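A structural walkthrough
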Amino acid sequence: MLLALLLAAQDPLAPLDYWTGHCWRTTLAPEVTDTHCFTRTDAGVRDHHEVTDKGEKVYQGDTDYRWDGTRIRFAYRNDSGPVSAGILTVTPAGLTPDGARPARTPT
């Protein structure tokens, strides 16, 4: 991840380039998936995600990452409105979110 620190010196959002331009899917439960698609925008990077259950969309949301001049900030909102915001820190070990995050309760 040292490379991410070097890239951040040239382009503060470069550490997110690994995800940008790609979609990623994870299985949350049998037949329940969460798909994230990352794109560059004029303001930074957007992660649009959709959770589906048996192929039907349950909800969706967006996380926007932007450089504020000193650090990467993120803000997440879903169909219900704003949910969380915080800072994304680039370290040799990876990317670490710091801020208000919703808690997930196992079902």
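This report concerns the structure included in the present document.

**Topic: the overall build of the chain**
- On a plain count of helices and strands, the chain comes out with 1 helix and 7 strands.
- Burial status across the chain gives 29% buried among its 107 residues.
- Taking all contacts inside the chain whose residues are at least 6 apart in sequence as the whole, residues at least 24 apart take part in 20%.

**Quick word on the packing of aromatic side chains**
- Tallied over the full model, the rule gives 4 aromatic pairs.
- Pairing Tyr18 with Trp19 gives two aromatic rings, centres 5.6 Å apart and planes at 90°, and the pair type is edge-to-face.
- What makes Trp19 partly exposed here is its relative accessible area of 27%.
- Note on Tyr65 and Phe74: the rings are 6.2 Å apart at their centroids and 50° apart in plane angle, and the pair reads as tilted. As far as the burial class goes, Tyr65 and Phe74 line up, both buried.

**A short note on the state of the cysteines**
- Tallied over the entire structure, the rule returns 1 disulfide.
- Through a disulfide, Cys23 is tied to Cys37; the S-S separation comes to 2.0 Å. Disulfide Cys23 to Cys37: torsion about the S-S bond roughly 115°, handedness right-handed. Here Cys23, found in strand E1 (residues 23-29), pairs with Cys37, found in strand E2 (residues 32-40); they are 14 residues apart in sequence, far enough to count as distant.
- What makes Cys37 partly exposed here is its relative accessible area of 23%.

Analysis parameters
- Residues numbered from 1 in each chain as written.
- Predicted model: local features only at pLDDT ≥ 70, side-chain atom pairs only at ≥ 80, totals over all residues.
- Heavy atoms only, no water.
- Helix = DSSP H or I, 4+ residues; strand = E, 2+ residues; numbered from the N terminus.
- Buried < 20%, exposed > 50% of the residue type's maximum accessible area, 1.4 Å probe, protein only.
- Contact = heavy atoms within 4.5 Å.
- Phe/Tyr/Trp six-rings, centres within 6.5 Å; stacked < 30°, edge-to-face > 60°.
- Disulfide = S-S within 2.5 Å.

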